[in-house]
Amino acid sequence: MRKRLIVLLWLGLYVLCLWLAVRAAAEAQQISPGASLRYVQALRSDQVMKARAYAQSEQNEGGIFATFWTENESSVQAAASQRTIQEVCSIGFYGAASAAYAANYLYGTAPGDGDTSQCSVSISLAWDLWGSTDVLGQILTLDPDTENARSYEVCGIFSGNSDRVLYGAGSSDTFRYIELTHISLGNPSQSVQKFIAGSGLEQPDQLLCDAAVAWLLDALTGMPVILLLVGCLWNVLFRIFWNKKQRELMMFIVALLFVCLLPMWLSALPGWLIPNQWGSMAAWSSLVSAAGERLQEWFALWPTARDVHLKVNVLQVIAATLGSIVFAIIAFLAWARPITHTPRNADAVPLRGRYAPHRQ
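Here is what the cut-offs are and how they apply
Residues numbered from 1 in each chain as written. Predicted model: local features only at pLDDT ≥ 70, side-chain atom pairs only at ≥ 80, totals over all residues. Heavy atoms only, no water. Helix = DSSP H or I, 4+ residues; strand = E, 2+ residues; numbered from the N terminus. Buried < 20%, exposed > 50% of the residue type's maximum accessible area, 1.4 Å probe, protein only. Contact = heavy atoms within 4.5 Å. Core = buried A, V, L, I, M, F, W, Y, C linked by side-chain atoms within 4.5 Å. Phe/Tyr/Trp six-rings, centres within 6.5 Å; stacked < 30°, edge-to-face > 60°. Lys NZ or Arg CZ within 6 Å of the ring centre and 35° of its normal.

Novice: Looking at this structure, I do not really get the side chain of T304. What am I missing?
Specialist: Counting through the fold element by element, T304 comes out in the loop between α9 (281–299) and α10 (305–335). Overall, the relative accessible area of 2% leaves T304 in the buried class. Once residues within four sequence positions are removed from consideration, T304 is found in contact with R38, W69, E71 and Y177.

Written as structure tokens, this is what we have:
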């Protein structure tokens, strides 16, 4: 009974860590819809219009959608109270709001595509600016007392501990970032380059396939489950097939099953994760090198709010996954008992009579 309670305790910690990892991976997938293009020089209005026209044309066979967005530190003022807050993270978008900044909305919704009259704010900014969450319909002004002052009507409130505002922008606004959604996960680089060539955009100064990062995090959360299932299955089969010949037969069946299921598993992987030549060490080295370069590019990105959020999610997934793996191993070791077999002559009748040893 005591052993069962200990095993259940470790399994409970395993499930808790796995749930935290899955939740963080889901958040990362929500804020990582595709590929992010970053430019040092702001895009011109004609480039934005041409790229949007290409995205809506039949030439865009992949169905890629482009969202243009930018992020700045602005001063924000409530029109009713004239209260002003400095250095607020303001995100302007032209396209899909969720592509520029995905958020969980508590009240209302995000501004629509091309709607330059509305905005949404974080719950932290709502409390700091109005002292309430009942702010739908309130008027907010970005950069007051400047020639670039613009007013918006609050249409939504999203969760967040930082002061942030998400507002709709037009094609004439200044954009430095592009988020491409519905890209091919099998070959994201080729899909992005095809869109850049077709839309006439310049090569970005920085490029991140954040959808691939989210996929890797999602796949990472499955490792503790597979590890625990394989360990339990192996222990059960080892108890059943304790004979040497039976073990050899069992290992052959497991290997055959793995070979049969391998094509199905590979079909679920993105194409960029599958090396062209399995037996070539150069192919594996090239794959690892490419993954390292993508990781280095990701850490070298200019720090936007969504990038910081994604990096926090990555650290949470890695830490929670490692914790679940450790707890899974401990629970398995506590549950599995050493397998011993009684020799066949263990039940032999003890010696009696004159052959039995005399007691002194």
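From this point, the narrative continues.
Novice: Just checking my understanding: could you explain the nonpolar core for this structure?
Specialist: Soluble globular proteins: nonpolar side chains tend toward being buried together. Grouped together as the largest cluster of nonpolar side chains are 41 residues, with contacts concentrated most on F68, V121, L140, V165, I178 and L180. Leaving out residues up to four positions away in the same chain, I178 has contacts with A35, S36, L37, Y39, L43, A66, T67, F68, W69 and L201. By size, the runner-up hydrophobic cluster in this structure holds twelve residues, among which are W69, F93, A97 and A305.

Novice: I tried to follow helix α6 (residues 210–220) on my own but got confused; where do I start?
Specialist: Given 3.6 residues per turn, any residue in an α-helix points the same way as the ones three and four places further on. Where α6 is concerned, the buried positions are D210, A211, A212, V213, A214 and L217. Looking at the packing, one finds that the buried side of α6 touches α1 (2–30), β1 (34–43), β9 (175–181), β10 (206–208) and α10.

Novice: Explain the packing of aromatic side chains to me, please; I cannot follow it from the model alone.
Specialist: Where two aromatic rings form a pair, the distance of their centres and the angle of their planes describe that pair. With the rule as written, the count across this model stands at eight aromatic pairs. For the ring pair Y94 and F175, a centre distance of 6.4 Å and an interplane angle of 20° mean the geometry is stacked. Remark: F175 occurs in strand β9 and Y94 occurs in strand β3 (residues 84–94); sequence separation between them is 81 residues. Taken individually, Y94 and F175 each receive the classification buried, so the pair is uniform in this respect. Ring centres 5.2 Å apart and planes at 40° place the aromatic pair Y152 and Y167 in the tilted group. With a gap of 15 residues between them, Y152 in strand β7 (residues 150–158) and Y167 in strand β8 (residues 164–168) connect regions that are remote in the sequence. Each of the two residues, Y152 as well as Y167, counts as buried. Linked through ring pairs, F68, Y94 and F175 together constitute an aromatic cluster. Seen from the ring of Y177, R38 lies directly overhead, with NZ or CZ sitting 5.1 Å from the centre. Lying over the aromatic face of Y94, R52 brings its terminal NZ or CZ to 4.4 Å of the ring centre.

Functional significance is not addressed by these values, which are geometric in nature.
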